[in-house]
Amino acid sequence: MPRVVFYSDCPVYGGADRLVGYLLQDPELAAFEPVLVHRSNRDFDLGLAEAVPGARAVALRFPDRVDAVEQLAAAGVSGGRLAAAKALWRLADLVLFPYLVLRLFVEFRDLRANVVHVNNGGYPGALGCRAAVVAARLARARTVLAVHNQTRPFSFPRDLLEWPVDRLVSACADRLVTATERASESLGTRLKGRRLVVRDGVPAASAARQRAEVRRELGLSESEVVWVMTALFEERKGHAVLVKAAKSVPARFVFGGDGLERSKIEAAFGKHGLFLGYRADSRDIIAAGDAFVLPSIHSEDMPLAILDAMALGKPVVSTRLAGIPEEVEDGVTGLLAEPGDAKGLADALTRLTGDTALRARMGEAGRRRFAERFDITTMAHAYAALYRELAEKS
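Undergrad: Quick rundown of empty space enclosed by the protein? Include the residues and the values.
TA: Using the criterion set out here, one finds 1 cavity of 30 Å³ or more in the structure. Taken as a whole, the largest cavity encloses approximately 30 Å³ of empty space. If you trace the largest cavity, you find it lined by L19, V20, L23, H117, N119, H148, M379 and Y383. Within the residue set of the lining of the largest cavity, elements represented by two or more residues are helix 1 (15-25), strand 4 (115-120) and helix 16 (376-393). At 3 residues, helix 1 tops the list of elements feeding residues into the lining of the largest cavity. Among the residues making up the lining of the largest cavity, the classes are represented as 5 nonpolar, 3 polar and no charged.

Given below as structure tokens:
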């Protein structure tokens, strides 16, 4: 049986990495002897250890440049100075890229990989993910590049230095996989090659603890209508839009997750918000709520948190962005607003907050839609078939 090696390069153990965690543990993929190679950093390592105890993984240390520009922006650096910093990092990529290719080539060769599944949050995304595609081809492995977000359009002259890397990735990737048709079309604007859509999936497991127990722990009464949002505190997730929308909604809002924007959002939200930070029991938190909200405004595709909420029978309020309308059937399993539309979001939140029967109907419809389309076994079966197909050609 061929060996499948996964590669991930992310500063945190986020949604795209959860998918790899599920595949590492799926019984159908056990015969492939899967191994995860990843960039080592504290937050990712801790998240992986909690999500996949005992996973066979190889942690690599690379020069740490992932968060530098975001940290400069958070520190107040803007305008020309921030643009200059971004330009310097792109120049640094020219030096770093060959080093990453060589380092990863050695790992893939030593692991005797037949198929390398590169797990990228978006495109272009992490430099290490693009290097992994090239390194896998040098190691004579077949390569799957899975992209779990929309592709950033090519812009001249900003992306001039990335053009040769795009050409290399196009030449070395055997399949370009996305979770939605829209993301596939977006990826096709920068990369050429055979594209495949595999819908994301999550386990259908229920919450580990009872709703009443979790509510008591969080200080929430049974009479309160509680909205839950679990997401990284990043601008693209729309927390700032929710701050405006929630002012007129008679409900409590519970937030799971951390990130650079958390302190600002927490200060703006006031007494109606409960901020929990990162929680490994996020499904228990969602199950304890009455409904789920994710007001994403850009750089999204098929958020796994929405699938978690659907699996738990919760109605969802979100936005008409990327692949979200493929998850949430507007008016049936939840309500959708336009990205950035605080009034539209407030109207949707208010409607569901005041209608217990509607929440129950939409939540049950969402549970059925999840079972039909987004269960983890469907995704795992599709990837197993792809690995077998590619391995036969290696």
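Undergrad: Which residues make up the pairing of strand 12 (residues 316-319), and what are the values?
TA: With burial as the criterion, each face of strand 12 is covered, one bearing V316 and S318 and the other bearing V317 and T319. In terms of handedness, the path from strand 11 (residues 291-293) via helix 12 (residues 304-311) over to strand 12 forms a crossover that is right-handed. Inspection of the sheet shows strand 12 paired to strand 13 (residues 334-337) by 4 bridges, in the parallel sense. In the sheet register, V316 faces strand 13, and the bridge partner there is G334.

Undergrad: Break down unusual backbone geometry for me, citing the residues and quoting the values.
TA: Look at the link from Y123 to P124: it is a cis peptide, with omega at 10°. A positive phi angle is found at E33, which is not glycine, with a value near 50°. Structurally, E33 can be placed in the loop between helix 1 and strand 2 (35-39). Residue classification places E33 among the partly exposed positions, given a relative accessible area of 46%. Here the phi dihedral of A322 falls at roughly 50°; this positive angle occurs in a residue that is not glycine. You can see A322 is positioned in the loop between strand 12 and helix 13 (324-327). A relative accessible area of 6% means that A322 is categorised as buried.

Undergrad: Describe in detail the pattern of salt bridges, supporting the description with residues and values.
TA: For the structure shown, the criterion picks out 37 salt bridges. Between R209 and E213 there is a salt bridge whose closest N-O contact spans 3.6 Å. Note that R211 is salt-bridged to E222, the shortest N-O span being 3.3 Å. Separated by 11 residues along the polypeptide, R211 in helix 8 (residues 211-218) and E222 in the loop between helix 8 and strand 8 (226-230) bring together distant segments of the chain.

Undergrad: Before we move on, could you go through the packing of helix 1 against helix 12 and cite the residues and values that matter?
TA: Orientation of helix 1 relative to helix 12, taken along the N-to-C sense of each, is 60°, at an axis distance of 9 Å. As judged from the angle between their axes, helix 1 and helix 12 are oblique. Taking contact as the criterion, the partners of G15, R18 and L19 in helix 1 are, on helix 12, L304, A305 and D308. Along the lines of polarity and charge, the residues of the contact of helix 1 with helix 12 split into 3 nonpolar, 1 polar and 2 charged.

What counts and how
- Residues numbered from 1 in each chain as written.
- Predicted model: local features only at pLDDT ≥ 70, side-chain atom pairs only at ≥ 80, totals over all residues.
- Heavy atoms only, no water.
- 1 Å grid on protein atoms, 1.4 Å probe; cavity = no way out; pocket = protein on both sides within 12 Å on 5 of 7 lines; lining within 4 Å.
- Points joined across faces, edges and corners; volume = space filled by probe spheres on them.
- Helix = DSSP H or I, 4+ residues; strand = E, 2+ residues; numbered from the N terminus.
- Nonpolar A, V, L, I, M, F, W, Y, C, P; charged D, E, K, R; others polar.
- Buried < 20%, exposed > 50% of the residue type's maximum accessible area, 1.4 Å probe, protein only.
- Right-handed = clockwise from strand over helix to strand, strands pointing away.
- Pairing = 2+ DSSP bridges.
- Salt bridge = Lys/Arg side-chain N within 4 Å of Asp/Glu carboxyl O.
- Axes fitted to C-alpha atoms, helices over the stretch in contact; angles between N-to-C directions.
- Parallel < 35°, antiparallel > 145°, perpendicular 65-115°, else oblique.
- Contact = heavy atoms within 4.5 Å.

Purely spatial values, then, with no claim about function.
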